[in-house]
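Structure at a glance
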Amino acid sequence: MPSQPELKEIFNLYDEELDGKIDGTQIGDVVRAAGLKPTNAMVTKASGQEFKKKGEKRLTFEEWLPIYEQLTKEKEQGAFPDFMEGLKVFDKEESGKILAAELRHILLALGERLSADEVDEMMKGVEDGEGMVNYEAFIKKVLAGPFPEKD
């Protein structure tokens, strides 16, 4: 878990107006940048409301910190074995691969739905020449986040 000065530094990266505040729509982004993996519903619950429009409310670090601390107490959402088990259901041939179109549909339609743009970003470079996705590699890619650490 990052120290308070490290959290402040992460918070400040999202302060677009350089006024010591972040937009309410960025709460989840800042929490995720600090290493947590909450769902959007968990962020809404911890912050007490959902911010849908940019500019609706701006929060100081002192207002954001209790939300972050609340989310650190939440149960970790979905670990690697959980995702493997979930996608294995769609692997009818037990080959370790599922149809890219099927994975896309899963991400767009089930659970905490993603937007088409989010799915496009996640699916970049994972489909093979036969329209299949190795779901173990896909899960590892997603869990590594947007800036995976190189070994």
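Keep in mind that what you see is a predicted model, and the values were worked out from it rather than measured.

Describing the overall build of the chain
On a plain count of helices and strands, the chain comes out with 8 helices and 4 strands. Reading the chain from its N terminus to its C terminus gives the helix and strand order α-β-α-α-β-α-α-β-α-α-β-α. Counting only C-alpha atoms and orienting by the principal axes, one finds that the chain spans roughly 55 × 35 × 25 Å. Counting over 151 residues, the chain shows a buried share of 29%. For the chain, the exposed surface amounts to about 10,100 Å²; the carbon and sulfur share of it is 53%. Averaged over its 21 positive side-chain charges, the chain has a centre that lies 3 Å from the centre of its 32 negative ones.

A short note on the packing of aromatic side chains
Scanning the entire structure with this criterion turns up 4 aromatic pairs. Residues Trp64 and Tyr68 carry aromatic rings whose centres are separated by 5.3 Å and whose planes lie at 25 degrees to one another, so their mutual orientation is stacked. With Trp64 and Tyr68 both in helix α4 (residues 61-72), this residue pair falls 4 residues apart, about one helical turn. The class for Tyr68 is buried, based on a relative accessible area of 0%.

Let's talk about the packing of helix α3 (residues 40-47) against α4
Closest axis-to-axis distance for the α3/α4 pair is 9 Å, and the angle between their directions is 125 degrees. Taken together, α3 and α4 sit at an angle that is classed as oblique. Helix-helix and strand crossings are classified by hand; for α3 and α4 the assignment is right-handed. Residues Met42, Val43, Ala46 and Ser47 of α3 pack against Ile67, Gln70 and Leu71 of α4. The residue makeup of the contact of α3 with α4, split by class, is 5 nonpolar, 2 polar and no charged.

How each quantity is defined
- Residues numbered from 1 in each chain as written.
- Predicted model: local features only at pLDDT ≥ 70, side-chain atom pairs only at ≥ 80, totals over all residues.
- Heavy atoms only, no water.
- Helix = DSSP H or I, 4+ residues; strand = E, 2+ residues; numbered from the N terminus.
- Buried < 20%, exposed > 50% of the residue type's maximum accessible area, 1.4 Å probe, protein only.
- Areas by Shrake-Rupley, 256 points an atom, 1.4 Å probe, with all protein chains shown as cover.
- Lys, Arg positive; Asp, Glu negative; His and termini not counted.
- Charge placed at Lys NZ, Arg CZ, Asp CG, Glu CD.
- Phe/Tyr/Trp six-rings, centres within 6.5 Å; stacked < 30°, edge-to-face > 60°.
- Axes fitted to C-alpha atoms, helices over the stretch in contact; angles between N-to-C directions.
- Parallel < 35°, antiparallel > 145°, perpendicular 65-115°, else oblique.
- Left-handed = near helix turned anticlockwise from the far one by under 90°.
- Contact = heavy atoms within 4.5 Å.
- Nonpolar A, V, L, I, M, F, W, Y, C, P; charged D, E, K, R; others polar.

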